[in-house]
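# Summary of the model geometry
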Amino acid sequence: MNRRGLAAKAVGSFGLLVGLGSAAGAQSIVATRPNLQTSDGPVSTTLNGTTITNQGLQGVGRLPATTRDFLGDTLGSFSALAVDLASWRRAGDTYTGTLYTLPDRGYNNPDGGLFTDYAGRLSRFTLTFTPEPGANLPQSTASQRQITLTPNGGIVFTDAQGRRFSGLDPGAGTTTQLGTILPSATTGPSAGRISLDAEGLTRRLDGSFYVSDEYGPNIYYFNPTGQLQGVLGVPEALRPRTNGQLNFNSINPPDTGRRNNQGFEALSLTPDGRSLVTILQSATLQDSGTSQQTRANTRILIYDVAANPTPTAPSREYVLQLPVYRDNGNGQAANRTAAQSEMIALNDTQFLVLARDSNGLGTGTTTPIVYKSVLLVDIAGATNIAGGAFDSTATPISPNGALRADIRPVQVSEAMNMLNPTQLGRFGMNLNTNPATQTTLSEKWEAMGLVPVLSERAPNDYFLLVGNDNDFLTRQGSINGQSYDAGINNDSVLLAYRLTLPTYVDPLSLAVMKRTAPVVLQGLGSTTLSYAAAATGGVQDHLSALRRGAGTAAPWGEGWGLWLGGDVVFADQPRSGSLGLDRTIARGTVGLDLPFTGPWRGGVALGGGGGSLTRPGGYGQDHSAYSFSAYGGYYGPDFYAQAIAGGAPEVNLDRLRRPAAYGLTATGRTQGSALALDGEVGLPFQIEPFRLTPFAGITHLAARVEGFTETGAAGNNIAYQGLTARQTTARFGAELAFYGFGPLIPSVRVAYNLAMGPQGGTSTVRLASVANPLAGATLTVPFLRDDFVTAGAGLQGAFSEQLGWRVDYQAAIGLRSGTAHGVTAGLRYQW
C-alpha cells in the first residue's frame, strides 16, 4: 500500500498511520488511538488498481446469549460462518438463505484451566434479511431486527472412525488418524478422541467442507454429513514443539511453532474451488519472540486442492504484516498486534482479512475499542516462501519480529472500518466500554461471509456478513447437561455491510456459468448450423424430386420451372452434439429452375423461416433467418452429379433464456450467419418397375454466432465472446423409387452419415461485470459428436401437366445423440 493511498483512507479516522518495518518496503498499519470513522457515506480504498467501496452498515441481527443449539447446548456462534449459496434468494427487498455457523471448543477459561468436552459441530439456520439503510433506531437490543435467524438443525463432526471430536485441551496427548499425528483428549469419556478448537470454515458447492483448528494447527476435510475424510499437511515451522516433541496444549507455550490459541483462524476457498487459503492468526514463536507487538509477521498458506482435496503441503506461502495498535488507545507506541480472525478469497490473489483488537463487550474491562477492520490483501508481487528453509524452525522469516529484507510481504489496505459510531448508532449499537452495555460492540469478531445483493443496477454489490464469537458467555449456560454461569450475557450478533467488489468472483455464479454457458452456446451454434443446412436442404429435396420424375410426368421435366417447398424440423439432435433439447424450425423455400438444355440443370432459391428452442431447466430461444442458394448439376440416365452453395447471412437469435444462479434468469439476443456447401453423385440402375440409385455426398456447414452480453441476472450475467462452428459429413446410401403407380412415385432413401473434421468449437465467456481473469473461461462446445443415419420416405405426383407435388418424411438417428424428425412438401410449376 502506498502512502498516498493510506492518507486517503485516513480521512475521517483518528490515530491511524503507516509504520515502516525493518525490511525494505515492509509496512504495517499502526493505530495508536481508537481508529474511528464517522462518515455515514460510502468510503473507498484502492490497492493495485482495485477500488473497493464500503456502502455502509445495512442491518444487524441478534441471538440472545441464552440461545440453545440443535443438540441442546448453549449456542457458541460465530467463530466462522458459511452461507449455502444455492439457497440464497431475493424477493422484493427481503433475502433468505441457509446459514451454517461454526462454534469453537465450548465454554472455557484457559487461564483457569477450564475446558469443555464439547462436540465439534455446525449449527444451521434459516436467515432472513431485510436491509434498512436509512434506519435511525434507539439504543436497544430490539433495534437489531433486520436479520433474523431461525434454528434449522445442524451437523455433528465425526472422525475417520465415526467418533465425535472433543473441545478438551489435549495437553501432551496425541492420536494418529489418516496418517497424521493429531491432538487428542486424555481425560474423561472422550480420551483418545481428536481435540478440536474449530476456528475457520469454508464449504464446497457439493456440501463438503473444511474446518481449521487452533490446537494443531490443522485443517480437516469433511464430507457433507460431517465425517472426516482427510487432513492437510502443515509445514514444520507451524507445528508446536516443546523440547523437540509435538505438544498441542493451549496453556503452556511451545518452544517453536504456532502460539497458543493463535492457530489457523481463517479459511477460504478461492472462487474456482481450486485453492484453499488459510492464515495463521499471528506470527509463530520463532518468527516473533514472546512479546505481543512483534508477532505481526504471520503467514498465508495456499493449498492446491484441484486434484487432491487433502494435499500434504501448501503450494504457496506468503507473509502478511498485521496491523499493530496501542492497547489502551492513549497515543503512545503500539504494543499489541491486531491478530487476524477471518478471511474471504475474492479471487486467486486478493483476500478480505478481518483484523481486530481484543477490546469490547465480553472482556470485562473498560479499555476503549481501538481497532477492528477488514483489510484488502493482495499477494501479487509477494515472495513465495513455500517449500524452502522458512518452512523449518531453523530459519525464521522475522527474527524478533523484524521481517527479513529478502522477503517481500503481501500488500495491505484498510477496506472497511467497523468502528463507525454513526452507523452503529443508527442500528441501536455503540462503542462504549466505560461502561459497556448490552449493545456495545463485542470483543471478538471472527466470522465473515459474502452474499450477492442481486441488483441489476449494481451487479458487483455484495452483503458482507460479519459475526462475533460470544465465547459461550451467558448467565444461563448449559453444555452436555451441565449448567454454568459465565457472569455476563454476550449475545451472538451478525452485522451486514454492503460492499462494491469489482474483482470478487462469486463462486456459485462462476460454477453456474461454466455449467450453463456451453448449453446456451450449443443451442445457438446448432440453430445457426441448422439454418446453414436449410439453405441446401430444401434444394436437395427439390432436386431429388426432379431426378426421380425425369422422363415421367411433365411437371418434373426440363426448362423453366417455379417451385416452392416447406418443411418443419423437430429437434435436431445429431447436429446439436447430443444436447437434449426441443427445437422446432418451420421454413419455406422458393426457387427458379433455369432453362438449361440436355442433362444439365441449374437454378437459384431463396428461403426463410423461424422457430423456437427449449430445454428443461429454463433454457430457451427464438430464432429466424432467410437464406439463399444456387445449384446446378448433370443428370444423365446412368449418372448424376450435383452441387449446391448457400447461406444465411443473418440469423436472428432472440429471447435467449438461461437459468442463472440464485433463481434468476438471464436473457439476451444476438445474431449469426451461416454458409453451406453440398455435393452428391449417384448411379441410377433401372430394374423395372424400380430404380435403385446408390449415391455418395459430402456436406460442409459453417456458422458464426456473434458475441453478446446477457441482462437480467445481476452479477450472473455472462458476456459471450462469440462462437464459430463447423461440421463436415460424408454420406453413403441408396434410394429406391417405384414406378408402378402411373404418375405417383413412392420412394425410400437411407444413408449413413460419417462425421468428419472438427466436431465442435470453442468460445470464451466471462461474468460480465467482474474485472478479474478468474471470472472467465474458455469452453469447448460440441456439435457433431458422432455418426448418424438418415432414413426417409417420399411420394410425388402431378396435379396436371404443369403442376407437380411432393411430400417427404425424413429422420436423422444419432448413434448416441438422439433423433430428429422432419416433414417437407413442395410444388413445382413448369412452363
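Reading guide: rules and limits
Residues numbered from 1 in each chain as written. Predicted model: local features only at pLDDT ≥ 70, side-chain atom pairs only at ≥ 80, totals over all residues. Heavy atoms only, no water. Helix = DSSP H or I, 4+ residues; strand = E, 2+ residues; numbered from the N terminus. Buried < 20%, exposed > 50% of the residue type's maximum accessible area, 1.4 Å probe, protein only. Contact = heavy atoms within 4.5 Å. Lys, Arg positive; Asp, Glu negative; His and termini not counted. Charge placed at Lys NZ, Arg CZ, Asp CG, Glu CD. Expected span 1.5 Å × (residues − 1). Bend = angle between axes of the 7 residues up to and from the residue. Polar contact = N/O pair within 3.5 Å; in protein donor to acceptor, adjacent residues only side chain to side chain. Pairing = 2+ DSSP bridges. pLDDT = per-residue confidence, 0-100. Salt bridge = Lys/Arg side-chain N within 4 Å of Asp/Glu carboxyl O. Phe/Tyr/Trp six-rings, centres within 6.5 Å; stacked < 30°, edge-to-face > 60°. Lys NZ or Arg CZ within 6 Å of the ring centre and 35° of its normal. Patch = residues over 30% accessible without salt bridge, like charges linked within 9 Å, V, L, I, M, F, W, Y side chains within 5 Å. Areas by Shrake-Rupley, 256 points an atom, 1.4 Å probe, with all protein chains shown as cover. Axes fitted to C-alpha atoms, helices over the stretch in contact; angles between N-to-C directions.

Moving on, we come to the overall build of the protein chain. On a plain count of helices and strands, the protein chain comes out with 3 helices and 46 strands. Along the first, second and third principal axes, the C-alpha atoms of the protein chain reach 110 × 55 × 55 Å. Within the protein chain, the proportion of its 831 residues that are buried is 59%. Contacts in the protein chain between residues at least 24 apart in sequence constitute 67% of all its contacts with a sequence separation of at least 6. Taking the 59 positively charged and 60 negatively charged side chains of the protein chain as two groups, their mean positions are separated by 2 Å.

The end-to-end C-alpha separation of helix α3 (residues 507–549) is 62 Å, in line with the 63 Å expected for 43 residues at 1.5 Å each. The principal kink in α3, of about 35°, is found at A534. N-cap assignment for α3: the residue whose side-chain oxygen lies 3.2 Å from the backbone N of L508 is D506. Positive backbone phi, approximately 85°, marks G551, located one or two places after α3.

Attention shifts here to the pairing of strand β18 (residues 275–280). Burial within β18 is extensive, with 6 of its 6 residues counted as buried. Here β18 shows a buried face lined by S275, V277 and I279 and a second buried face lined by L276, T278 and L280. Across 5 bridges, strand β17 (residues 264–269) lies against β18 in antiparallel orientation. Its bridge partner lying in β18, L267 is registered against T278. Across 5 bridges, the pairing between β18 and strand β19 (residues 297–304) is antiparallel. The partner of V277 across the bridge, within β19, is I302.

This paragraph deals with the confidence of the model for the protein chain. Here the protein chain shows a mean pLDDT of 92. Residues at 70 or above account for 94%. Counted against residues more than four places away or in other chains, residues 1–14, with its pLDDT under 50, gives 30 contacts. Within the model, pLDDT remains below 50 along residues 18–25, and this stretch shows 17 contacts once partners closer than five positions in the same chain are excluded.

So, on to the pattern of salt bridges. For the coordinates displayed, the defined rule picks out 34 salt bridges. Linking R145 and E132 is a salt bridge whose minimum nitrogen-to-oxygen distance equals 2.8 Å. Separated by 13 residues along the polypeptide, R145 in the loop between β7 (121–129) and β8 (147–156) and E132 in the loop between β7 and β8 bring together distant segments of the chain. Taking the shortest distance from any N to any O, the salt bridge between D327 and R336 comes out at 3.7 Å. One network of salt bridges, in which partners are shared, links R547, R548, D678, E680, R731, E735, R749, R806 and D808.

Taken as a whole, this structure holds 25 aromatic pairs when the rule is applied. Here Y220 and F222 contribute two aromatic rings whose centre-to-centre distance is 6.5 Å and whose plane-to-plane angle is 55°, an arrangement assigned as tilted. Judged by its relative accessible area of 0%, Y220 is buried. Each residue in the set F157, F165, F209, Y220 and F222 is aromatic and connected to the rest through ring pairs, giving one cluster. Sitting over the face of the ring of Y635, R601 holds its NZ or CZ atom 5.4 Å from the ring centroid.

Let us look at a nonpolar patch on the surface. There is a patch of nonpolar side chains on the surface, built from W560, L562, L564, V590, L606, Y626, F628, F799, L827, Y829 and W831 and spanning about 1100 Å² of accessible area. Of all elements in the fold, only β32 (561–570), β35 (619–635) and β46 (818–830) reach the threshold of two or more residues within the nonpolar patch. Taking the relative accessible area as the measure of exposure, L606 reaches 47% and is therefore partly exposed.

Here the focus is the side chain of D169. Structurally, D169 is set in the loop between β8 and β9 (174–177). Despite being buried, D169 has no salt bridge partner; R105 is the closest side chain of opposite charge, sitting 4.5 Å away. A distance of 2.7 Å separates a polar side-chain atom of D169 from the backbone nitrogen of G171. Within the structure, the side chain of D169 is placed 2.4 Å from the side chain of S250, a separation counted as a polar contact. Once you skip the residues sitting within four places of it in the chain, D169 turns out to touch F115, S195, Y215, N249, S250 and I251.

Next up on the list: the sheet that holds strand β13 (residues 218–222). The strand order β11-β12-β13-β14 describes an open sheet built from 4 strands, whose pairing is antiparallel. Edge positions in the sheet fall to β11 (198–203) and β14 (228–231), since each has one partner strand and no second. Looking at each pair of strands side by side, their axes are set apart by 25° on average, direction ignored. Where β11 lies against strand β12 (residues 209–213), 5 bridges are found, and the strand directions are antiparallel. Bridged to T202 within β12 is Y210.

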